[in-house]
Amino acid sequence: MSDRRKVYINAYSSMQGLGMNVKESIAAAARETRCPVLPVPGKAPDFDTKPYFILNIPDSGTTGHTRCAEIALRLLESIESGWRGKGSIPLFMATSTGGIKETEELYTGLIKNNQKFPLYQKHYFYDIADTINGKYPGLFEESYTFSTACSSAGHSIYHAYKFISSGVMDRAIAIGVDSLSITTKIGFDSLKLVSPDGTKPLTLQRNGLTLGEGGGVLLLESERNENTLGEIAGGFSNSDGYHVTSPNPAGTEQRNCMLKAVESAGISLADVGYVSAHGTGTPVNDKIEMDVVKGLFGGGVKVSSLKGFIGHTLGSSAITEIPLVMDMIRSGRIYQVKGLGDMIDPELTPPGSFDIDTDYFIKNSFGFGGNNVSIVVKVYR
Amino acid sequence: MKNKYSQLTEISLLNSAIANAGDLKKIFEDGYLSDKSKWGDIEITPDIQGAFDCIPSRIKYSMSKLSLGVYNVLDKGPGKTLREDEEVYLFTGFAEIYTVNQIGNLIMIEDYSINPAIFPNSVNHISLSYYTILNKKPNYLAAITDGLDTGKSFINYFKRRICLPESFVVCAGEEDSGFFLFESGDRLKIKHTYIAYRVNPDTETGVRYLGCYKNADDVVKLFAGYEAIFTDGGSFGEFKGSCIDKVHSEYPLCGDNPSAPAVRMALPTLLDIKGLSLIINKSSTGYDIYESLN
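Starting afresh in each chain, residues are numbered from 1 along the sequence in its written order. To label them, take the chains in the order written and letter them from A, then take the ligands in the order written and number them from 1. Per-residue local features of the predicted model are confined to residues with pLDDT of at least 70, and side-chain atom pairs are confined, for both listing and counting, to 80 or more; whole-chain, interface and lining totals are unaffected and use all residues. With hydrogens and water set aside, each side-chain value is computed from the structure's full complement of heavy atoms.

A word on the overall build of chain A
Part 1: Counting its secondary structure elements, chain A contains twelve helices and twelve strands.
Part 2: Here chain A, with 381 residues, has 67% of them falling under the buried criterion.
Part 3: Here, residues are in contact when the closest pair of their heavy atoms is within 4.5 Å. The contacts in chain A between residues at least 6 apart in sequence include a share of 78% that link residues at least 24 apart. Working definition: helices are DSSP H or I runs of at least four residues, strands are E runs of at least two. Numbering for both runs from the N terminus. Throughout this description, buried means an accessible area under 20% of the type-specific maximum (1.4 Å probe, protein chains only), exposed means over 50%, and partly exposed covers the range between.

A few points about the interface of chain A and chain B
Part 1: Contacts between the two partners involve 58 residues from chain A, matched on the other side by 58 residues from chain B.
Part 2: Whenever a carboxyl oxygen of Asp or Glu lies within 4 Å of a side-chain nitrogen of Lys or Arg, that contact is scored as a salt bridge. At the boundary of chain A with chain B, the tally comes to three salt bridges.
Part 3: Of the charged contacts, one joins Glu142(A) and Arg160(B) as a salt bridge, the two residues approaching to 2.8 Å between their closest N and O atoms.
Part 4: Pairs of N or O atoms are called polar contacts if they sit within 3.5 Å, as long as, within protein, a hydrogen donor faces a hydrogen acceptor (for residues adjacent in sequence, only side-chain-to-side-chain pairs). At the boundary of chain A with chain B, the tally comes to 19 residue pairs in polar contact (both at pLDDT 80 or more).
Part 5: When contributions to the side of chain A that touches chain B are tallied by element, the ones reaching two or more residues are helix H5 (100-112), strand S3 (143-146), helix H7 (152-165), helix H8 (182-190) and strand S6 (230-239) of chain A.

Looking at unusual backbone geometry
Part 1: A positive phi angle is found at Lys192(A), which is not glycine, with a value near 60 degrees.
Part 2: Relative to the helices and strands, Lys192(A) is located in the loop between H8 and strand S5 (214-221).
Part 3: With relative accessibility at 71%, the residue Lys192(A) sits in the exposed group.
Part 4: Not every positive phi belongs to a glycine, and Asp272(B) is a case in point at roughly 55 degrees.
Part 5: Position of Asp272(B) relative to the elements: it lies in the loop between helix H10 (260-270) and strand S9 (276-283).
Part 6: For Asp272(B), a relative accessible area of 37% corresponds to the partly exposed category.

Remarks on the nonpolar core
Part 1: With 94 residues, the main nonpolar core has Ile232(A), Phe158(B), Tyr197(B) and Met265(B) as its most contacted residues.
Part 2: At eight residues, helix H12 (residues 317-331) of chain A tops the list of elements feeding residues into this core.
Part 3: Nonpolar cores were defined as sets of buried Ala, Val, Leu, Ile, Met, Phe, Trp, Tyr and Cys residues, with membership established by side-chain atoms within 4.5 Å. Ala149(A), Ile182(A), Val244(A) and Ile103(B) belong to the second largest nonpolar core, which has 56 residues in total.

Things to note about the environment of Lys287(A)
Residue and element names in this part refer to chain A.
Part 1: Secondary-structure assignment places Lys287 in helix H10 (residues 283-297).
Part 2: Separated by 85 residues in the primary sequence, Lys287 and Leu202 place their C-alpha atoms 7.6 Å from one another.
Part 3: With sequence-adjacent residues up to four places away left out, Lys287 is seen in contact with Arg206 and Ile344.

Some details on the pattern of salt bridges
Residue and element names in this part refer to chain B.
Part 1: By the definition in use, this model includes 35 salt bridges over all chains.
Part 2: Lys221 is the partner of Asp218 in a salt bridge, and the nearest nitrogen-oxygen pair spans 3.4 Å.
Part 3: On the basis of relative accessible area, Asp218 is assigned to the partly exposed category, the value being 29%.
Part 4: Connected through salt bridges with shared partners, the residues Glu10, Arg83, Asp85, Glu86 and Arg198 form a single ionic network.

So, the state of the cysteines
Part 1: In this description, a disulfide is simply a cysteine sulfur pair whose atoms lie within 2.5 Å. The tally for this structure, following the rule as stated, stands at zero disulfides over all chains.
Part 2: In this structure Cys150(A) is not part of a disulfide, and its nearest cysteine sulfur, from Cys68(A), lies 13 Å away.
Part 3: With a relative accessible area of 7%, Cys150(A) lands in the buried category.
Part 4: Between Cys163(B), a cysteine without a disulfide, and Cys212(B), which holds the nearest cysteine sulfur, the sulfur-to-sulfur distance is 16 Å.

Examining the packing of H7(A) against H12(A)
All names here are of chain A.
Part 1: Note on geometry: axes are lines fitted to C-alpha atoms, helical ones only across the stretch in contact, with angles between N-to-C directions running from 0 to 180 degrees. One can describe the packing of H7 onto H12 by two numbers: an axis separation of 6 Å at closest approach and a directional angle of 70 degrees. Regarding the angle of H7 to H12, the classification is roughly perpendicular. Every residue of H12 that contacts H7 at Ala153, Gly154 and Ile157 is listed here: Ala318, Ile319 and Ile322.
Part 2: Under the scheme applied, nonpolar residues are Ala, Val, Leu, Ile, Met, Phe, Trp, Tyr, Cys and Pro; charged residues are Asp, Glu, Lys and Arg; polar residues are all the others, including Gly. Here the contact of H7 with H12 is built from residues that sort into five nonpolar, one polar and no charged. Angular relationships are summarised with four words: roughly parallel below 35 degrees, roughly antiparallel beyond 145, roughly perpendicular across 65 to 115, and oblique for the angles in between.

Considering the packing of helix H9 (residues 252-264) of chain A against H10(A)
Residues and elements named next belong to chain A.
Part 1: Relative orientation of the contacting elements H9 and H10 amounts to 50 degrees, with a least axis distance of 9 Å. The orientation of H9 with respect to H10, classified from their angle, is oblique. For H9 against H10, the interelement crossing comes out right-handed. Between H9 and H10, the contacting residues are Gln254, Arg255, Met258 and Leu259 on the first element and Ile288, Glu289, Val292, Val293, Leu296 and Phe297 on the second.
Part 2: Each residue belonging to the contact of H9 with H10 can be placed in one class, and the counts come to seven nonpolar, one polar and two charged. For a crossing to be left-handed, the near helix must be turned anticlockwise from the far one by less than a right angle; the clockwise case is right-handed.

Printed below as a string of structure tokens:
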């Protein structure tokens, strides 16, 4: 590790159902209740639970670009003082479904005969980079969109970390966004993964996930400055090689992923005081992740999932949650939703909010196909 | 930026017209890549011959054309010698668009119901996951997908990634979909062509990045020292006039595939062009130039 450069987190932001920025979100989390529940806009299927939306983001009809692009623009704006004036910066984007909401509208537009062409420009991710480059010409010409379902943002962070730490580039912006859509709602429902009464991650009463909308951004640089908030200290990613939708019950590769991420940071397992679990609230996923964490760390670590607050923000989940966790660790307290249920392992996950005293945490994200990413973050307190 | 070459090995290129390097060589020698009047003569259908043969599971019947293509090029290419620590990247412009279109039709036009098997097949990296699942591999894998700009992403990513010492595996490909039939004007010509290869950085021969040139005249000045020029379909006419005998394009094999530069990058090696070749990719930022030495 000695020949690797440090990768400093010099700015961050997050927006999700709890708030439009980290400060607002943490203030809401301190109330220990879920984010506000809103109805699904547009053509909504008859579901029992409603997903968690970002408030105050207008739909594409009013902005002229996709909802994901709008979220991405706002995230970049929120840390603009950190990257402005530093020339062209590589952009490591992540999304699982970005733009699918507008693709859905495209189908209804075809039926109603009011669709604008060409279609492929409105399909998927193309609009995010296009919108960003439209607003900031020449600044983000080098961009990559990583898309590996729910682990997407883990990859965008991992790659930015890898290139900066090895000296291939000096700075990068990692950004992840996902908006909600009928497709994802129906898709997860078809797999019987959606909770009928709201997600209760890491509890014995868990019965599925709740979808959330979110986005997060990290400005990563090789040089520390007066605004530095922490470091991406390490990371690792691998595959279960087991099943399309289910993680390997043995947890072998999830364990390897976390362990090698810690090793890549040049620290020991004992240095890690907190694991921000992928923790979607599905019966199988949470059990396996908790078993792996227990097997690896014993009782020497605390674990919780922010998805009780903001739902599962899919491809953006890792980068949406990291800024919130960093802020909580700096304040010395991890918030949890009150009254979610009895924890799977109360030794690792105390019921309710709890105090925390650590410099390092792991952020896990696991996607379809057994795609695992673990990122080790050092928090400057 | 390091100035060493990176060698591309275990290259597998497949479509309905190409089953092995010999088929490609014949297409090249018969002038199909260098004579625009012949570009329409190569018909690429969605099916690769024997695509199911190497997949040891009935899952193959639920895999998309993209997943089948990616599985096959990995299996016949770098997959055979894949080390556990090697990273595998898929570059694709509109990954799994066939399945997404199916879902879009079912949900938005039909009756909201979808088969639980369909949804996971719509995620962009699933073709690589099928390979790791069916072969019980723990490898790193990721899809990088930027719509029409995927070729630019590939070109940029490649030049960054070869600065790291570890070998890695590139896969690329596209699939056609009913989605594109909805288009009113110029419909994208998507071809079911797939490629995979291992990239070994820091070698004495192979490919290396020369730089990004802002105008075509500066690019043409480079031509004299090169045996062959491989360029995108859009720039083909631009350069053909300057150097009639040397200029080739993968366009008849890849059409408008956004990931076509990943195929172009491998052509000089795959065709065993002796000496130096140029690989050109035109994008919004200029002409990115790679050099190939065999």
